[in-house]
Structures are given as structure tokens and as C-alpha cells.
Amino acid sequence: MKYSVYLRPFIISDTEKINKWRNDEEIQRLTCGRFRYVSLEIEKNWVLSKMTNNTSEEYFAICLNDGSYELIGYFSIRDIDHYNRKCHFAGIVLDKEFQEGFYMIDANLLAMKYAFIHLGMNRITGRCLEEHKVSRVMLEMMGYKLEGIEKDSIYKYHTYHNVCNYALLYSDYIHMVNNGEYMLSKISKR
């Protein structure tokens, strides 16, 4: 299967784009994290730390797989617990220009493959704000099951927001892979 994107570790030259996205209120509005402006110098130190500290979390650049290799976003897998074989998929940040189309789907598919196949995880959790309909649909399309809703869990922009907690098990992932459920034609019909 050819994906529209590929994943790679962060490199220091990613700092400026990552800084642009992390300082963009519109992009950050529907994330579970709080918004704050970050200087380029602090961002550089943050990117360096993510490049070298990868025992319990791993960050990945999302790049176009069209020959341009353009950086269009990033995501992380956090709380990696090798003993219990579980981790948390912290979501995807994509440049506004690439939020439409199959980039998000392909990045999700590659993230799940990495966590289940390469890291050997049995369970991946994910969460999103209840009002973030795109994230909820995406998680459910990928096979994640809603496990609960945390009421008034995130305080952001002068109001409390509910958070939806999802999980995907390796057995469900493999079942969907074996049945061709992750083929783009089937995903786009859901």
C-alpha cells in the first residue's frame, strides 16, 4: 500500500514549522493541550529533547510522500509502557493546507502500524475534546472504541470541555487489517 505521507524522527530543521503550528491558535484550538506562545529558542530546545528522549515517548514528523518530502505535521506516541504493552496516541497536528484529504488517515494508519507492529503494543489509547467531531470520526473509523467521557476535564478558552477517551486493541487492529477494513475505499464510505 502506498501512503500519501511517511514518518520520520524529528530533525532540528523542523523547529520553525513546528513552532509555527504550536503558536497557531486555530490549529491548537481543538487539541487537549493548553495554548501558549512558544519562542523559537524554547521550541529548538523542545525539538532537541524529543529527538533524544524516546524511552517513554516518541515524536514523528509527517512528510509528503510525493518526492518533495515536505514536512506537513507531527504526532507523538506517549506513555509507552513496554511491560503492559500499552501506549497513548497523542494526536496529529497538520498544517492547515493539509487537513483535508487522506493525509490524516494515512498518518493514523502509519502511527497504528508503528505502535502495534514495531513497538509490540497490545493497546493504544487516544483522546479528544468532545466537540472535535473530526477527531472523533477519525478515531472511530480507525477502529477505536469509546471507553468513556470525562466531564469538564479540560479548561480552555474560559470554559470547561469534556474529553472522550478511546482505545484500540491489537486483536481488533489485526482483525481490521486482515479484513481489508483499512483500505481507503472502505474508510471513505464510512
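Thresholds, definitions, all that
- Residues numbered from 1 in each chain as written.
- Predicted model: local features only at pLDDT ≥ 70, side-chain atom pairs only at ≥ 80, totals over all residues.
- Heavy atoms only, no water.
- Helix = DSSP H or I, 4+ residues; strand = E, 2+ residues; numbered from the N terminus.
- Rg over C-alpha atoms; globule rule 2.2 N^0.38 Å.
- Buried < 20%, exposed > 50% of the residue type's maximum accessible area, 1.4 Å probe, protein only.
- Contact = heavy atoms within 4.5 Å.
- Areas by Shrake-Rupley, 256 points an atom, 1.4 Å probe, with all protein chains shown as cover.
- Lys, Arg positive; Asp, Glu negative; His and termini not counted.
- Charge placed at Lys NZ, Arg CZ, Asp CG, Glu CD.
- Patch = residues over 30% accessible without salt bridge, like charges linked within 9 Å, V, L, I, M, F, W, Y side chains within 5 Å.
- Salt bridge = Lys/Arg side-chain N within 4 Å of Asp/Glu carboxyl O.
- Polar contact = N/O pair within 3.5 Å; in protein donor to acceptor, adjacent residues only side chain to side chain.
- Arc of directions from axis to C-beta.

Draft legend 1. Main features of the overall build of the protein chain. Counting secondary structure elements, the protein chain contains seven helices and seven strands. When its helices and strands are written in sequence order, the protein chain yields β-α-α-α-β-β-β-α-β-α-β-β-α-α. Relative to its length of 190 residues, the protein chain is compact, with a C-alpha radius of gyration of 16 Å against a globular reference of 16 Å. Taken over the C-alpha atoms alone, the protein chain extends approximately 45 × 45 × 35 Å along its principal axes. For the protein chain, the proportion of its 190 residues judged to be buried stands at 45%. Partitioning the intrachain contacts of the protein chain with sequence separation of at least 6 by distance along the chain shows that 61% fall at a separation of at least 24. Just so you have it, the protein chain exposes about 10400 Å², and 51% of that area is on carbon and sulfur atoms. Looking at charge distribution, the protein chain has the averaged site of its 25 positive side-chain charges lying 3 Å from that of its 25 negative ones.

Draft legend 2. Molecular detail of a nonpolar patch on the surface. A cluster of nonpolar side chains, contributed by Ile 12, Leu 48 and Met 51, occupies part of the molecular surface with about 210 Å² of accessible area. With respect to the helices, strands and loops of the structure, Met 51 is situated in helix H3 (residues 40–52). A relative accessible area of 33% places Met 51 in the partly exposed class.

Draft legend 3. Spotlight on unusual backbone geometry. With phi around 55 degrees, Tyr 157 is a residue other than glycine that occupies positive phi space. Inspection of the secondary structure assignment puts Tyr 157 in the loop between strand E6 (145–156) and strand E7 (159–169). Phi is positive for His 158, close to 65 degrees, though the residue is something other than glycine. Its location among the elements puts His 158 in the loop between E6 and E7.

Draft legend 4. Representation of the side chain of Thr 15 within the structure. Mapped onto the elements of the fold, Thr 15 is located in helix H1 (residues 15–22). Judged by its relative accessible area of 6%, Thr 15 falls in the buried class.

Draft legend 5. Highlighting the side chain of Arg 8. Within the secondary structure, Arg 8 is located in strand E1 (residues 5–9). Among the residues examined, Arg 8 registers a relative accessible area of 17% and is labelled buried. At a separation of 2.8 Å, a polar atom in the side chain of Arg 8 contacts the side chain of Asp 14.

Draft legend 6. A look at H1. Every buried residue of H1 is accounted for by Thr 15, Ile 18, Asn 19, Trp 21 and Arg 22. All buried residues of H1 project into a common sector of 165 degrees when viewed along the axis, lining one side. If you follow the buried residues of H1, they end up packed against helix H2 (25–28), H3, strand E3 (71–81) and strand E4 (86–94).

Draft legend 7. Just the pattern of salt bridges, in detail. In the structure shown here, the tally under the stated rule is eight salt bridges. Measuring nitrogen to oxygen at the nearest pair gives 2.9 Å for the salt bridge that ties Asp 24 to Lys 96. In this pair, Asp 24 sits in the loop between H1 and H2 while Lys 96 sits in the loop between E4 and helix H4 (103–118), placing the two residues 72 residues apart along the sequence. Accessibility expressed as a relative area gives 39% for Lys 96, which makes it partly exposed. Two residues, Arg 127 and Glu 150, come together in a salt bridge whose shortest N-O distance is 3.6 Å. Of this pair, Arg 127 sits in strand E5 (residues 123–129) while Glu 150 sits in strand E6; the two residues are 23 residues apart in sequence, bridging distant segments of the chain. According to the relative accessible area criterion, Arg 127 is partly exposed, its value standing at 31%.

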